[in-house]
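Summary of the model geometry
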Amino acid sequence: MLCANNFMKYLRKWLWFINERFSPLTYAVMIFVFLGAHYALYLNFLNQILTFSFLGILNLLPLVVVTSLFFFKLRLLDEAKDMESDALHHPERPLPRGILSKNEVVKTAFILMVAEIILFGFYGFWSFLSALIVVGYSLVMYKEFFIKKWLRAHLTTYAVSHTFVVVLISITIFVSLLDKPFSEISSEFVYFSFAGWFLFNIFEFGRKTLVKGEERKGIDSYSKIFGKLGAVLLVLVMALLGNLLLGRAGVSVISTFFLPLALVGIVGLLYAATDNLYFAKAYRSLTSLYIILVYGIITLSVIL
């Protein structure tokens, strides 16, 4: 009875952490459209249409689970490596409050890495090998590329070096679906994977773009580094480069993604011109939603 009570208390701590730092609904939607877009491109490459079968769903299930574990693991590693700075600047977060210890979070992340390798191994040797690369990169990310002090002083470099892991997981998904080594994967899949890098950069750059009253001493933001207009232009460049690569991947981008990009641009310029908190929040919401919109539109193209 005592063991059961302890287990329930421990489970509640994790559920508390997940609810605060890994919103189940938000991440579920993002993971669904992220995987869906990859599968849509895969079906398009094979000139196949979407069909539903028990065996087909069963074959995709490990990929759904491992992708979910991948993003959760990244969240855990981020929380662990940011604990010291969070204790100073964000004491309201779960680790500084002591809901979970850094050691518990790191141990769980390492367990998830092992699970990632096993689950990707379900799809064959090349998928297993690709998973080792993704896990290895995740570990180097956790150690902040062994240049922590320098990297933390360069926010943009810090961001793009970390979001690059999306390229690796994306390529690993294609390797798993095709059961081929990276050297035999079509360039369309590589372009698509690199497009994801720019899409996730939009989210990263957008969420740390603030109005003057939100800026805090000792905490960098892209609006502080580049100015509000510069930060918006940085996001728009990421969006344009992402669209360029999606076009090279065979995705129709001019008509499909014009509206989301136009919305980000218009609201971003309003934020930059007015320094208005309402426009800033709307802009951050749009840049966060942009990934889901792009991957979601690609996913819907195959479902419909």
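What you see is a predicted model, and the numbers here were worked out from it, not measured in a lab.

Reading the values: rules and limits
- Residues numbered from 1 in each chain as written.
- Predicted model: local features only at pLDDT ≥ 70, side-chain atom pairs only at ≥ 80, totals over all residues.
- Heavy atoms only, no water.
- Axes fitted to C-alpha atoms, helices over the stretch in contact; angles between N-to-C directions.
- Helix = DSSP H or I, 4+ residues; strand = E, 2+ residues; numbered from the N terminus.
- Parallel < 35°, antiparallel > 145°, perpendicular 65-115°, else oblique.
- Left-handed = near helix turned anticlockwise from the far one by under 90°.
- Contact = heavy atoms within 4.5 Å.
- Nonpolar A, V, L, I, M, F, W, Y, C, P; charged D, E, K, R; others polar.
- Phe/Tyr/Trp six-rings, centres within 6.5 Å; stacked < 30°, edge-to-face > 60°.
- Buried < 20%, exposed > 50% of the residue type's maximum accessible area, 1.4 Å probe, protein only.
- Salt bridge = Lys/Arg side-chain N within 4 Å of Asp/Glu carboxyl O.

Let's talk about the packing of helix 9 (residues 155-163) against helix 11 (residues 187-207)
- For the pair helix 9 and helix 11, interaxial distance at closest approach is 9 Å and the crossing angle is 140°. The orientation of helix 9 with respect to helix 11, classified from their angle, is oblique. Here helix 9 and helix 11 pass one another in a crossing that is right-handed. For the pair formed by helix 9 and helix 11, the contact residues are T156, A159, V160 and T163 on the first element and W197, F200, N201, E204 and F205 on the second.
- The class makeup of the residues in the contact of helix 9 with helix 11 is five nonpolar, three polar and one charged.

Quick word on the packing of aromatic side chains
- Overall, the coordinates contain 26 aromatic pairs when judged by the stated rule.
- Residues Y271 and Y283 carry aromatic rings whose centres are separated by 5.6 Å and whose planes lie at 10° to one another, so their mutual orientation is stacked. Linking Y271 in helix 13 (residues 258-274) with Y283 in helix 14 (residues 277-303), this pair joins segments that are 12 residues apart in sequence. The residues Y271 and Y283 share a single accessibility class, namely buried.

Some thoughts on the packing of helix 11 against helix 12 (residues 222-248)
- Where helix 11 meets helix 12, the closest approach of the two axes is 8 Å, and the angle between their N-to-C directions is 160°. Considered as vectors, helix 11 and helix 12 are oriented roughly antiparallel to each other. Here helix 11 runs over helix 12; the crossing is left-handed. Of the residues in helix 12, those touching helix 11 at E188, Y191, F192, F194, A195, F198, N201, I202, E204, F205 and G206 are Y222, L234, V235, M238, A239, L241, G242, L245, L246 and R248.

Focus on the environment of Y137
- Within the fold, Y137 resides in helix 7 (residues 125-142).
- Take Y137: its relative accessible area is 18%, and that puts it in the buried class.
- The spatial distance from the C-alpha of Y137 to the C-alpha of D179 is 21 Å, given a sequence separation of 42 residues.
- For Y137, the contacting residues outside a window of four places in its chain are F145, S161, F164, V165 and L168.

Quick notes on the pattern of salt bridges
- Summed over all chains, the structure comprises 13 salt bridges.
- A salt bridge links D78 to K81, with the shortest nitrogen-to-oxygen separation between them at 3.2 Å. Taken together, the residues span about one helical turn, with D78 and K81 both in helix 3 (residues 54-81) at a distance of three residues.
- Given a relative accessible area of 23%, D78 falls into the partly exposed group.
- Close ionic contact of E214 with R284 constitutes a salt bridge, the shortest N to O distance being 2.9 Å. Pair noted here: E214 is in the loop between helix 11 and helix 12 and R284 is in helix 14, with a separation of 70 residues, a long-range link.
- Here the salt bridges do not stand alone but share partners, grouping R21, R75 and E79 into one network.

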